[in-house]
Amino acid sequence: MDARTPLSGGQQRYLITLRRELRVVRLSRAGLFLFFLLLWESTAQKGILDSFIFSSPSLILSAFLRMIKDGSLLTHTGVTLFETLLSFALVTVLGIGIALFLWCFPRLASVLEPYLVILNSLPKSALAPLLIVWLGSNMRTIVVAGISVAIFGAVLNLYTGFEETDPDKLKLIKTLKGTRKDALFQVVLPASVPLSFSIMKVNIGLCLIGVVIGEMIGSKEGLGYLIIYSSQVFQLTPMILAIFILCVIAVLLYSLITIAEKQYLKKRA
C-alpha cells in the first residue's frame, strides 16, 4: 500500500489498538522490573535476605558509581565488549564462508557433517583450558573461545538453510542454462538473508558466553575476570554488577541486530 494512501477508519482503529498493546507490554515489563528491585531492596534492608550474600540494588548502585569513578568498570566492560564484537564478526564471516564452501562441494559436506555435529555438541567450557595451554593467556585466546562456542552451530544452520532453498527456483536457473554461481548469487544467498539474521541473533549471545568463559579461566581483564575474582574474594556485589552489565550488553547487541534486520526488510519491501 502506498504510504500516501489514506487509511480507513478500521485500519486506524487497528493501528491504535496495536500501539496501545505495545505500550501496555512495555509498561508491564518496566513495572515488573521495578517491582523486583523494590522487593529485593526492601527484603535486604529488613534482613530477610542477607545483603552480604545477595547484595541489594543500593549496594550495586554504590559499587557501580565507585567503579565508574576509578575507571575499572569501563575497562572491564570495554574489554569484554571488544572481544565479543571481534568474535562475532569472525564467526559471521567464517560461518558464511565455510557454509558456502560446503554448499559448493556437497560430497565434502557429507563427509564433514558428523564431525561438525560432534564439535557443536561438545561443551565449549571443556575447550577453554586447552585453549589457554595451546595459545597462552591473552586476548587472542579469549576471542578464539568466543568463536568456538558459535562457529559450528552457525555453519550447520547456514548450510542447512542453503540446502533448503526453494528447489523450483534452482530448477528454473538450471533450465535457463544458469551456472551454480548464478544459483548461488541469484537464489541461495538472497533467500538466506532472513536466516542469517536469525543465526546472528543467536551467535551474538553465544560469543558473549564464550568470551566470558575464556575470561574466567585465563584473563586479567573483562567482566568474566571480574566475576571470578569477586567470587574468590567474596565480594559478591561487584560480581552481581558484572552479571547485570552482561545482561545489558546482551540486550543491546541483540537489539542492534534486530534494528539492522528491520532496516533490511524495510528496504526490501
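Owing to the predicted nature of the structure, the values given are computational and were not obtained by experimental measurement.

J.: Can you help me understand the packing of helix 8 (residues 167-175) against helix 9 (residues 180-218) in this one?
T.: Each pair of packed helices can be described by the angle between their axes along with the distance between the axes. Relative orientation of the contacting elements helix 8 and helix 9 amounts to 150°, with a least axis distance of 10 Å. On the basis of their axis angle, the class for helix 8 and helix 9 is roughly antiparallel. Here helix 8 runs over helix 9; the crossing is right-handed. On the side of helix 8, the interface is formed by K169, L170 and I173, while helix 9 contributes D182, A183, Q186, V187 and V188.

J.: What is the right way to look at the nonpolar core in this model?
T.: A general feature of soluble globular proteins is that nonpolar side chains tend to end up buried together. Counting 49 residues, the largest nonpolar core has L73, W103, L223 and L241 as the members making the most contacts within it. For this core, the secondary structure elements donating two or more residues are helix 3 (57-70), helix 4 (72-104), helix 5 (106-121), helix 7 (139-163), helix 9, helix 10 (223-232) and helix 11 (236-268). Looking at this core element by element, the count peaks at 12 residues for helix 9.

J.: What is the right way to look at the packing of helix 4 against helix 7 in this model?
T.: Relative orientation of the contacting elements helix 4 and helix 7 amounts to 35°, with a least axis distance of 7 Å. By crossing handedness, the relation of helix 4 to helix 7 is classed as right-handed. The residue inventory of the contact of helix 4 with helix 7, partitioned by class, reads 22 nonpolar, three polar and two charged.

Calculation criteria
Residues numbered from 1 in each chain as written. Predicted model: local features only at pLDDT ≥ 70, side-chain atom pairs only at ≥ 80, totals over all residues. Heavy atoms only, no water. Axes fitted to C-alpha atoms, helices over the stretch in contact; angles between N-to-C directions. Helix = DSSP H or I, 4+ residues; strand = E, 2+ residues; numbered from the N terminus. Parallel < 35°, antiparallel > 145°, perpendicular 65-115°, else oblique. Left-handed = near helix turned anticlockwise from the far one by under 90°. Contact = heavy atoms within 4.5 Å. Core = buried A, V, L, I, M, F, W, Y, C linked by side-chain atoms within 4.5 Å. Buried < 20%, exposed > 50% of the residue type's maximum accessible area, 1.4 Å probe, protein only. Nonpolar A, V, L, I, M, F, W, Y, C, P; charged D, E, K, R; others polar.

So far we have only geometry, and geometry alone does not tell us how the molecule works.
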